[in-house]
Amino acid sequence: MKKIFFPIALFPTVALFADDASPAGGGMSQMLIIIAISIAFFYFILWRPEQKRRKAADQMRTSMKKGDRVTAMGIIGKVDRIQEQTVVLKMIDGSKIEVLKAAITDVQPASEEKPEAPSEA
């Protein structure tokens, strides 16, 4: 006849599983805590940083002035005229295009001094 060996370490876990059958008190409060944590997560990880980026972009667009170098949808030009909703950009070849202010992704302030042209030797 074979002897079956049961480790003694399993007996305390059996008692723990027996306690799981009792009804959980405070199920609603646990659910509210989880909802509050998820709302806080979405606020601090997703919504608040996006709000800061949007404010910085709006401030950058409102602070631009004539002569600034601007990137809008991959197009680079200098600000020629600022209107209420749009900006007229002057391209390197002298042509002008009109773009929405919301399309501007980068503004580099105009430099006060002009760069020196390399002299031919």
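Located above this text is the structure these notes cover.
The residue numbering used here restarts from 1 in each chain and proceeds along that chain's sequence as written. Side-chain atom pairs in this predicted model are given and counted only at pLDDT of 80 or more, local residue features only at pLDDT of at least 70, and totals for whole chains, interfaces and linings cover all residues. Excluding hydrogens and water, the side-chain figures rest on all heavy atoms present in the structure.

Asker: What am I meant to see in the layout of surface pockets here?
Answerer: A probe matching the size of a water molecule, rolled over the atoms, marks out where space remains unfilled. Approximately 390 Å³ is the volume found for the largest pocket. For this classification, the nonpolar set comprises Ala, Val, Leu, Ile, Met, Phe, Trp, Tyr, Cys and Pro, the charged set comprises Asp, Glu, Lys and Arg, and every other residue, Gly included, is treated as polar. Residues of the lining of the largest pocket, tallied by class, amount to six nonpolar, five polar and three charged. A 1.4 Å probe that fits but cannot get out identifies a cavity on a 1 Å grid over protein atoms alone, an open set with protein on both sides within 12 Å along at least five of seven lines counts as a pocket, and a residue lines either if it has an atom within 4 Å of a point. Grid points are joined across faces, edges and corners, and a volume is the space filled by probe spheres set on the points.

Asker: I tried to follow the packing of aromatic side chains on my own but got confused; where do I start?
Answerer: Each aromatic ring pair is specified by the distance between its two centres and by the angle formed by the two planes. Geometry of aromatic contacts follows a simple scheme: Phe, Tyr and Trp rings, the Trp one being its six-membered ring, pair when their centres are within 6.5 Å, and the pair is stacked under 30 degrees between planes, edge-to-face over 60, tilted otherwise. Per the counting criterion, the structure on display carries three aromatic pairs. For the ring pair F41 and F42, a centre distance of 5.7 Å and an interplane angle of 75° mean the geometry is edge-to-face. Only protein chains enter the area calculation, which uses a 1.4 Å probe; residues under 20% of their type maximum are buried, those over 50% are exposed, and those in between are partly exposed. With a relative accessible area of 46%, F41 lands in the partly exposed category. Seen in terms of ring centroids, Y43 and F44 are 4.9 Å apart; in terms of plane orientation they differ by 80°. Their pairing is edge-to-face. Through successive ring pairs, a cluster of aromatic residues spans Y43, F44 and W47.

Asker: Help me understand the environment of G67 in this model?
Answerer: Working definition: helices are DSSP H or I runs of at least four residues, strands are E runs of at least two. Numbering for both runs from the N terminus. The residue G67 is located in the loop between α2 (27-62) and β1 (69-72) in this model. Residues G67 and K78, spaced eleven residues apart in sequence, show a C-alpha to C-alpha distance of 5.5 Å. For this analysis, residues touch if any pair of their heavy atoms sits within 4.5 Å. Those residues in contact with G67 that sit more than four places away from it in its chain are K78, V79 and A110.

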